[in-house]
Amino acid sequence: MIRGIRETLVGVFVIVGVVIFVLLYTWLSGKLSFSNTHDITVHFSDVEGLRVGDPVLVFGIEKGKVKLVRIEGDHVVVVLAMERDVVLPDDSQIAIRAVSYIGADKYVKVTPGRSGTIPEIYYGTGGSFDLESLGAR
(Lines give C-alpha, C1' and ligand atoms only; values in the text may rest on other atoms or scores of the structure.)
Protein backbone atom coordinates (compact mmCIF):
# COMPACT_ATOMS: atom_id res chain seq x y z
CA MET A 1 0.00 0.00 0.00
CA ILE A 2 2.75 2.46 0.95
CA ARG A 3 4.72 1.52 -2.18
CA GLY A 4 1.74 2.41 -4.42
CA ILE A 5 1.27 5.79 -2.73
CA ARG A 6 4.99 6.53 -3.03
CA GLU A 7 5.01 5.66 -6.76
CA THR A 8 1.95 7.82 -7.34
CA LEU A 9 3.53 10.80 -5.55
CA VAL A 10 6.75 10.43 -7.55
CA GLY A 11 4.72 10.36 -10.78
CA VAL A 12 2.78 13.47 -9.79
CA PHE A 13 5.98 15.35 -8.91
CA VAL A 14 7.60 14.37 -12.23
CA ILE A 15 4.57 15.52 -14.23
CA VAL A 16 4.33 18.81 -12.31
CA GLY A 17 8.07 19.36 -12.81
CA VAL A 18 7.80 18.81 -16.57
CA VAL A 19 4.82 21.18 -16.84
CA ILE A 20 6.67 23.89 -14.87
CA PHE A 21 9.77 23.43 -17.06
CA VAL A 22 7.76 23.79 -20.28
CA LEU A 23 5.94 26.91 -19.01
CA LEU A 24 9.17 28.55 -17.86
CA TYR A 25 10.91 27.71 -21.14
CA THR A 26 8.13 29.20 -23.28
CA TRP A 27 7.88 32.27 -21.05
CA LEU A 28 11.63 32.95 -21.04
CA SER A 29 11.92 32.41 -24.80
CA GLY A 30 9.35 35.17 -25.37
CA LYS A 31 6.63 32.95 -26.82
CA LEU A 32 4.38 33.35 -23.78
CA SER A 33 3.74 36.64 -22.07
CA PHE A 34 1.67 37.46 -19.04
CA SER A 35 2.00 41.22 -19.50
CA ASN A 36 -0.51 43.55 -21.08
CA THR A 37 0.75 44.01 -24.65
CA HIS A 38 -0.54 45.00 -28.07
CA ASP A 39 0.71 43.86 -31.46
CA ILE A 40 2.39 46.08 -34.03
CA THR A 41 2.86 44.82 -37.59
CA VAL A 42 6.00 45.90 -39.43
CA HIS A 43 7.00 45.10 -43.02
CA PHE A 44 10.71 44.65 -43.81
CA SER A 45 12.50 43.85 -47.06
CA ASP A 46 15.10 41.79 -45.11
CA VAL A 47 15.15 40.84 -41.43
CA GLU A 48 18.87 39.99 -41.31
CA GLY A 49 18.60 37.06 -38.87
CA LEU A 50 15.92 38.44 -36.57
CA ARG A 51 14.25 35.72 -34.47
CA VAL A 52 11.12 35.34 -32.38
CA GLY A 53 11.85 36.47 -28.83
CA ASP A 54 14.44 39.12 -29.77
CA PRO A 55 13.98 42.38 -27.82
CA VAL A 56 12.39 45.60 -29.04
CA LEU A 57 14.06 48.74 -27.67
CA VAL A 58 12.39 52.15 -27.52
CA PHE A 59 14.92 54.87 -26.70
CA GLY A 60 17.22 52.10 -25.47
CA ILE A 61 14.68 50.60 -23.05
CA GLU A 62 13.22 47.15 -23.69
CA LYS A 63 9.52 47.67 -24.30
CA GLY A 64 8.61 44.54 -26.24
CA LYS A 65 9.62 41.36 -28.01
CA VAL A 66 9.45 39.98 -31.52
CA LYS A 67 6.34 37.80 -31.58
CA LEU A 68 6.22 36.51 -35.17
CA VAL A 69 8.39 36.52 -38.30
CA ARG A 70 6.95 35.30 -41.61
CA ILE A 71 7.41 35.80 -45.34
CA GLU A 72 4.53 37.29 -47.32
CA GLY A 73 5.20 37.72 -51.01
CA ASP A 74 8.23 39.95 -51.56
CA HIS A 75 8.56 41.18 -47.97
CA VAL A 76 8.85 39.88 -44.41
CA VAL A 77 6.11 40.57 -41.87
CA VAL A 78 7.27 40.99 -38.28
CA VAL A 79 4.77 41.24 -35.42
CA LEU A 80 6.05 43.03 -32.32
CA ALA A 81 4.40 42.50 -28.93
CA MET A 82 4.75 45.95 -27.39
CA GLU A 83 3.80 47.20 -23.94
CA ARG A 84 0.52 49.13 -23.89
CA ASP A 85 2.14 52.45 -22.94
CA VAL A 86 4.11 52.57 -26.22
CA VAL A 87 2.31 54.60 -28.91
CA LEU A 88 3.97 54.79 -32.31
CA PRO A 89 2.86 57.48 -34.79
CA ASP A 90 3.26 56.86 -38.52
CA ASP A 91 6.57 58.77 -38.76
CA SER A 92 8.27 56.44 -36.27
CA GLN A 93 11.51 54.81 -37.36
CA ILE A 94 11.80 51.04 -36.92
CA ALA A 95 15.08 49.30 -37.75
CA ILE A 96 16.80 45.99 -37.12
CA ARG A 97 20.17 46.38 -35.42
CA ALA A 98 22.91 44.00 -34.33
CA VAL A 99 24.11 43.90 -30.75
CA SER A 100 27.71 43.77 -32.08
CA TYR A 101 29.35 43.81 -35.50
CA ILE A 102 30.35 40.15 -35.39
CA GLY A 103 27.52 38.72 -33.31
CA ALA A 104 24.32 37.12 -34.51
CA ASP A 105 22.14 38.68 -31.81
CA LYS A 106 19.66 41.19 -33.18
CA TYR A 107 17.14 43.62 -31.76
CA VAL A 108 14.53 45.99 -33.14
CA LYS A 109 15.28 49.67 -32.53
CA VAL A 110 12.23 51.94 -32.42
CA THR A 111 12.40 55.72 -32.45
CA PRO A 112 8.88 57.14 -31.99
CA GLY A 113 7.82 59.99 -34.21
CA ARG A 114 5.72 63.05 -33.47
CA SER A 115 2.82 62.88 -35.92
CA GLY A 116 -0.73 62.39 -34.73
CA THR A 117 -1.81 59.47 -36.90
CA ILE A 118 -1.27 55.83 -35.99
CA PRO A 119 -1.16 53.39 -38.93
CA GLU A 120 -2.10 49.72 -38.94
CA ILE A 121 1.12 48.70 -40.72
CA TYR A 122 4.60 50.16 -40.27
CA TYR A 123 7.57 49.88 -42.64
CA GLY A 124 10.96 49.15 -41.16
CA THR A 125 14.51 49.20 -42.43
CA GLY A 126 17.52 47.00 -41.87
CA GLY A 127 20.54 48.87 -40.71
CA SER A 128 23.11 46.36 -39.59
CA PHE A 129 26.69 46.43 -40.73
CA ASP A 130 26.95 43.89 -43.57
CA LEU A 131 30.46 42.45 -44.04
CA GLU A 132 29.42 40.34 -47.03
CA SER A 133 28.47 43.36 -49.12
CA LEU A 134 31.83 45.00 -48.39
CA GLY A 135 33.73 41.91 -49.54
CA ALA A 136 31.76 41.68 -52.80
CA ARG A 137 33.00 45.07 -54.05
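In this text, all values refer to a predicted model and were calculated from it rather than measured experimentally. (Residues numbered from 1 in each chain as written. Predicted model: local features only at pLDDT ≥ 70, side-chain atom pairs only at ≥ 80, totals over all residues. Heavy atoms only, no water.)

Draft legend 1. Up close: unusual backbone geometry. Non-glycine residue Glu-48 carries a positive phi angle of around 55°. Relative to the elements of secondary structure, Glu-48 occurs in the loop between strand E1 (37–44) and strand E2 (55–58). Overall, Glu-48 belongs to the partly exposed group, its relative accessible area being 26%. Phi is positive for Phe-59, close to 55°, though the residue is something other than glycine. (Helix = DSSP H or I, 4+ residues; strand = E, 2+ residues; numbered from the N terminus. Buried < 20%, exposed > 50% of the residue type's maximum accessible area, 1.4 Å probe, protein only.)

Draft legend 2. Local environment of the side chain of His-43. Structurally, the position occupied by His-43 is in strand E1. Since its relative accessible area comes to 13%, His-43 is described here as buried. Discounting residues that sit within four places of it in the chain, His-43 has contacts with His-75, Val-76, Val-77, Ile-121, Tyr-122, Tyr-123 and Gly-124. (Contact = heavy atoms within 4.5 Å.)

Draft legend 3. Structural view of the pattern of salt bridges. If you walk through the whole model with that rule in mind, you get 6 salt bridges. Its salt-bridge partner being Arg-51, residue Asp-105 comes within 3.7 Å of it at the nearest N-O pair. Placement of Asp-105 in the loop between strand E5 (93–98) and strand E6 (106–111) and of Arg-51 in the loop between E1 and E2 is noted, with a sequence separation of 54 residues between them. Judged by relative accessible area, Asp-105 falls into the partly exposed class, the value being 44%. Residue classification places Arg-51 among the partly exposed positions, given a relative accessible area of 44%. The shortest N-O distance in the salt bridge between Lys-65 and Glu-62 comes to 2.9 Å. Look at Glu-62 and you get partly exposed, because its relative accessible area is 41%. Residues participating in the shared-partner salt-bridge network are Lys-63, Glu-83 and Asp-85. (Salt bridge = Lys/Arg side-chain N within 4 Å of Asp/Glu carboxyl O.)

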